[in-house]
Amino acid sequence: MRETLVLNASFEPLSTVSLRRAVVLVMQDKAVVEHAHPGLRIRAASVDVPVPRVIRLSRYVRVPFRRRAPWSRRGVLVRDQHQCAYCGRRATTVDHVVPRARGGGDTWLNTVASCAEDNHRKADRTPEQAGMALLRRPFEPTPADAMLSALGVSVREELPDWLALPA
């Protein structure tokens, strides 16, 4: 299902929602469409709405400050753009730089996207012990960056300039 970015009334990213939820928010006048899919519309007997890519809430919603993006396997794959950190091929798994058996945890700085072959080859060792170099170091994305990255690389190219992430 398509994901739609939800902005607060102050234009700060809040979350992503399904296309269905985004249309409901727009139909209830709780949000307005800021950016739509070009040429796509949702039509019914008395409704004609552009398919939203980005919506903005009509009223400001106060949210507690989130300092860190929550870690997830999907988040690591999206952050690394589904590219293996060891060979650059398509990544399907998440590898722990310091293995969990050796005290490494599920954190942004200890996990990288990996292809199954390299993950199996590295096994229960650090990259140095396995003789494998990381092509790029893991980093912790900001909550807003993690949210925009979750929309996908091709989606980012279609977003307005004022919203897109720096390359």
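Scroll up to find the structure.
Residues numbered from 1 in each chain as written. Predicted model: local features only at pLDDT ≥ 70, side-chain atom pairs only at ≥ 80, totals over all residues. Heavy atoms only, no water.

Here's the deal with the environment of Val 94
Inference 1: Tracing the backbone shows Val 94 in strand 5 (residues 93–96).
Inference 2: Along the chain, Val 94 and His 82 lie 12 residues apart, while their C-alpha atoms are 9.8 Å from each other.
Inference 3: Sequence-distant contacts of Val 94, that is, excluding residues within four places in its chain, are made with Trp 71, Arg 73, Val 76, Leu 77, Thr 111, Val 112 and Asn 119. (Helix = DSSP H or I, 4+ residues; strand = E, 2+ residues; numbered from the N terminus. Contact = heavy atoms within 4.5 Å.)

As for the pairing of strand 6 (residues 111–114)
Inference 1: A two-sided burial pattern is seen for strand 6, the buried positions comprising Thr 111 and Ala 113 on one face and Val 112 and Ser 114 on the other.
Inference 2: Alignment of strand 5 against strand 6, held across 4 bridges, turns out to be antiparallel. Residue pairing across strands places His 96 opposite Thr 111, the latter belonging to strand 6. (Buried < 20%, exposed > 50% of the residue type's maximum accessible area, 1.4 Å probe, protein only. Pairing = 2+ DSSP bridges.)

Observations concerning unusual backbone geometry
Inference 1: Despite not being glycine, Phe 11 has its phi angle at roughly 70 degrees, a positive value.
Inference 2: Structurally, the position occupied by Phe 11 is in the loop between strand 1 (3–7) and strand 2 (13–18).
Inference 3: Note on Phe 11: relative accessible area 39%, which makes it partly exposed.

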